[in-house]
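What follows is each chain in one-letter form.
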Amino acid sequence: MSQGMLEVTPEPHGPTGDRSDAVAGKSQGRIIFDRFLQNRISVVSLFVLVLIVLFAFSATGIGPIPGWWKYDYRSLNDQAGAPTLSLWPFALGEHPFGQNRIGVDYFALVMRGIQNSLIVMVVIGGLGTVVGTVVGAIAGYYRGWVDAVLMRITDVFIVIPAIVIGAVVGQTAGSGGLGVWFLSILLALVSWMSIARLVRAEFLSLREREFVEAARVAGASDLRIIFKHILPNAVGVVIVSATLLAASAILLETGLSYLGYGIRSPESSLGLLISDNQSAFSTRPWLYWWPALFIVSLALLVNFVGDGLRDAFDPRQKRFKRRKMREFVEAAQPQVSLKAPKSPTS
Amino acid sequence: MAAYIARRIGVSILILIAASFIMYVLAAGSGDPLRDLRGGNAANEAQLIAARVSALDLDVPAPLRWFLWLGGAAKCLVPFANSCDLGLTLDNAPVATILPTAMVSTLQLVTVATVVAIILGVVIGIVTALRQYSGFDIATTFLSFFLFSLPSFLIAVLLKEFIAIGFNDFLQDGAAIPAWLIVVIALVAGLIWMVLIGGSRRRRLIVFGVSAVATGAVLVYVSLTSWFLFPGLGPVGLLVVLAGVVFITTSLVSGLANRRALLASAITAAFVYIAFFVLQGLFTISSAFTLIFIAVAALVVGIVVGFLVGGSDRGQAVRAGAITGIVSMLLVFLDRFMQAWPSYVESGRINGRPIATVGSGTPGLTGDVWVTGIDSFTHLLLPTIALLLISFAQYTRYARAGLLEVLNQDYIRTARAKGLPERTVIMRHAFRNMLIPIATIVATDVGALLGGAVITEKVFAISGMGNLFATALGRTDLNPIMGYFIVIAIVAIAFNFLADLAYAALDPRVRVR
């Protein structure tokens, strides 16, 4: 999202990591993990996100395993009612999030919606990243005509806006009666382009480094060089863009479901819940506010985690921290490079 | 350069053709175009199905049917032949005739949203960069994160429920602002100005006090006179606003110390002020073209005045005059629109609830250019806000990061070291270089906005291209889908191309191959 088309380059000034880390002999992964832990907002976001995941999955159950919540998201109960949730003293009551107009328990519907959003997010974030990384790695490593062909294919897919191609594959999944998993796999297959471009740029510069030369002299195969030598060095870019892709996947899924081309009734989705109930805004506002709250929280939390990861992987982007706030503001800014590329990408 | 452009256009056309193939096959596989006929209970079902199959060549497999479609679409390239054939919809309407009307409302929406998002985003980004780590900066960063995580359909529902209904109720209740709201707005305005202007503690307190009191006074006046029911600047208000325009334009373009630029700006504003009285009669019978002509005339007057009084440093005076001319004339137009507001609100079709939540115009409303202009404004206001908020957040972040990056460059230090005033450093040296990366974002952003219009148009029931696409997809109506696709793909590719050219033109270090 914030990666844009601009190159992400390290700041020329500021400390380049903690010297004490090197002295203590920590592994690279450990250093990054420690750096991530220093970013309070991201750690808290990750914690809340995990809580929401556990809560949503345990409430409605996974597959055949039933959850602890007494109502099903498909079963009709008595007539429509207002939320019974009270925070002080804390009590869930009979229908904590109320009921919709035909009497389905809204807590079960919202939890099921969160569950589906999370599935879509993980599959798009994971599978989209794998496809994008492989395409970008091969294009960047082999260059020449392989690069040209792969990048033209990327260009072809990138011309179609995400929501448009998403709606088309969503309609395919929907009219075929295919489930959430299949929908998210199809969506993942059309969301890998930006990662491919970023990984390719990273590979183009990494393949010129000495350690690649050394590996080649030692007789390593191309595959080994790509996956064992270069990819671990590009893992920062991959993980950060995977997180950002996951955040935009939530918005894509809810948007598509809102339009009617994503997840469909009787399955539940946060976007679908908004679409079904927006006309009842003035009479039963909770039907709007609960899914809205969770859409925004999920996307916001994932974005915060992504920013924390970006900091942890590339500390040179960060200036010295006088106050925690400054650190946050700084971390949230995209790094704009003014260095001229050799030519505009065609 | 010419070779580069030719090669780029060639590659773009190939990409377009390949993307259209993918889109065609995917869309064809997404459902059954005969579903509505099969489900219906018409007696002549078989006959209807046969008619549709032959009209749309449904018996040809999709990959081959794409060639038929491409053959028809290629005729659009023949200039002035009017032989465009984008196929038929399921209802046998030719796509080439329904597409242009839909295009107009979408492009209107997207253009306004893009321009407003760029201007607001860049201005706020610059301010946050210049006041780095201030409360305003932190608040803007939080806000941009929040906007990134807010889907447009959520915000659209909120805008409809609170802004539209709230403002309409407010007008019907006599347009009196409650006292607590006046106090809150005044305090917030005071805080914002205090942070923006900065300075010593004493100066901040003075700025806070003055701006809070001034805002409060204006709001009390607005509330007491029911200004929102009968808005207008009037001769006195316009004079005050024009003085403000002269002051701000000159201090941004050249600094108030440049007396000639100030003079050029002031004389231009005086001309516009005279025109305000002289042209009122013409305005009543104006069309949109007259207005464009008058605006251009004001621009020319500003340039000429700047040229005549410019003296040794003509460039600055010309710029000050031109900006003052066009902005002042737009304010005069604004005043005239405000004069037409009561007649719009009270007209039978509106019934005192002007802010609309659906459609892109009031059906059956007739009136002069002012009334129809207001009608477009009240209909497009909310969809545009819903559409621009996300890209606004993006521009803010890039403008801020870009300006901070530029301010770290050596040439900025040189400019400061040789004693240039801070205004010149920011406006002349930093601002222009900051715009280079922004140019590339505009290209990607236009594509995103066109996609976003699908949702916005659906929520606000605007019959634009996005709505056309969404409806057609639901019925697997292939030709409108492809018509929609071809338009947005061309726009997206063209903007990318323009961004690359702009990048090369703005930055001499970039050479095109």
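About the thresholds
Residues numbered from 1 in each chain as written. Chains lettered and ligands numbered in written order. Predicted model: local features only at pLDDT ≥ 70, side-chain atom pairs only at ≥ 80, totals over all residues. Heavy atoms only, no water. Phe/Tyr/Trp six-rings, centres within 6.5 Å; stacked < 30°, edge-to-face > 60°. Helix = DSSP H or I, 4+ residues; strand = E, 2+ residues; numbered from the N terminus. Patch = residues over 30% accessible without salt bridge, like charges linked within 9 Å, V, L, I, M, F, W, Y side chains within 5 Å. Areas by Shrake-Rupley, 256 points an atom, 1.4 Å probe, with all protein chains shown as cover. Salt bridge = Lys/Arg side-chain N within 4 Å of Asp/Glu carboxyl O. Buried < 20%, exposed > 50% of the residue type's maximum accessible area, 1.4 Å probe, protein only. 1 Å grid on protein atoms, 1.4 Å probe; cavity = no way out; pocket = protein on both sides within 12 Å on 5 of 7 lines; lining within 4 Å. Points joined across faces, edges and corners; volume = space filled by probe spheres on them. UniProt positions renumbered as here; feature names shortened; annotations may be inferred. Domains from an automatic or database assignment. Core = buried A, V, L, I, M, F, W, Y, C linked by side-chain atoms within 4.5 Å. Contact = heavy atoms within 4.5 Å.

Visitor: Please explain the packing of aromatic side chains as it appears in this structure.
Guide: Geometrically, a pair of aromatic rings is defined through the distance of the ring centres and the angle of the planes. Residues and elements named next belong to chain B. Summed over the entire model, instances satisfying the criterion amount to 22 aromatic pairs over all chains. Ring plane angle 75° and centroid distance 5.6 Å describe the contact between phenylalanine 170 and phenylalanine 228, whose orientation is recorded as edge-to-face. Pair noted here: phenylalanine 170 is in helix H7 (residues 152-172) and phenylalanine 228 is in the loop between helix H9 (201-224) and helix H10 (234-253), with a separation of 58 residues, a long-range link. Relative to tryptophan 370, the ring of phenylalanine 337 lies with its centre 4.7 Å away and its plane at 75°, an arrangement referred to as edge-to-face.

Visitor: Which parts of the structure should I look at to understand a nonpolar patch on the surface?
Guide: Residue and element names in this part refer to chain A. On the surface, a cluster of nonpolar side chains totalling about 720 Å² of accessible area is made up of Leu127, Val130, Val134, Ile138, Tyr142, Ile185, Leu189, Leu223 and Phe227. For the nonpolar patch, the secondary-structure elements that each account for two or more residues are helix H4 (106-142) and helix H10 (222-230). Looking at which element gives the most residues to the nonpolar patch, the answer is H4, with five residues. Within the secondary structure, leucine 189 is located in the loop between helix H7 (180-188) and helix H8 (193-206). The class for leucine 189 is partly exposed, based on a relative accessible area of 41%.

Visitor: Where do I start with the layout of surface pockets in this structure?
Guide: Over the atoms rolls a probe the size of a water molecule, and in doing so it shows where empty space is left. All names here are of chain B. Of the pockets and cavities examined, the second largest pocket occupies roughly 1,600 Å³. For the second largest pocket, the lining is made up of 35 residues, of which Val123, Ile126, Ile248, Leu252 and Met427 are closest to its centre. Those elements that provide at least two residues to the lining of the second largest pocket are helix H5 (95-130), helix H8 (179-197), H10, helix H14 (314-346) and helix H17 (422-459). Examining the composition of the lining of the second largest pocket, we find that eleven residues originate from one element, H17, more than from any other.

Visitor: What's the story with the UniProt feature "domain: ABC transmembrane type-1" (unreviewed entry) in chain B in this structure? I'm lost.
Guide: UniProt's entry tags residues 103-499 of chain B with the feature "domain: ABC transmembrane type-1" (unreviewed entry), counted in the numbering of this structure. As annotated, residues 103-499 of chain B has a helix share of 81% and a strand share of 0%, and its two end C-alpha atoms lie 22 Å apart.

Visitor: Looking at this structure, I do not really get the domain arrangement of chain B. What am I missing?
Guide: Size of an interface, as often reported, equals the accessible area lost when the parts are brought together. On domain assignment, one finds that chain B holds domain 1 (2-85 + 476-506) and domain 2 (131-175 + 226-389). Here domain 1 of chain B and domain 2 of chain B have C-alpha centroids that lie 39 Å from each other.

Visitor: Which parts of the structure should I look at to understand the nonpolar core?
Guide: A general feature of soluble globular proteins is that nonpolar side chains tend to end up buried together. In terms of nonpolar packing, the biggest core is built from 172 residues, with A:Val110, A:Ile114, A:Phe203, B:Met23, B:Leu154 and B:Phe469 touching the most fellow members. When residues in this core are grouped by element, the largest group, 17 residues, is from H4(A). Each residue touching A:Phe203, except ones within four places of it in the same chain, is listed here: A:Ala137, A:Gly140, A:Tyr141, A:Ile226, A:Ile230, A:Leu231 and A:Ala234. Formed by 34 residues, the second largest nonpolar core is a distinct cluster that contains B:Ile182, B:Leu219, B:Leu279 and B:Leu331.

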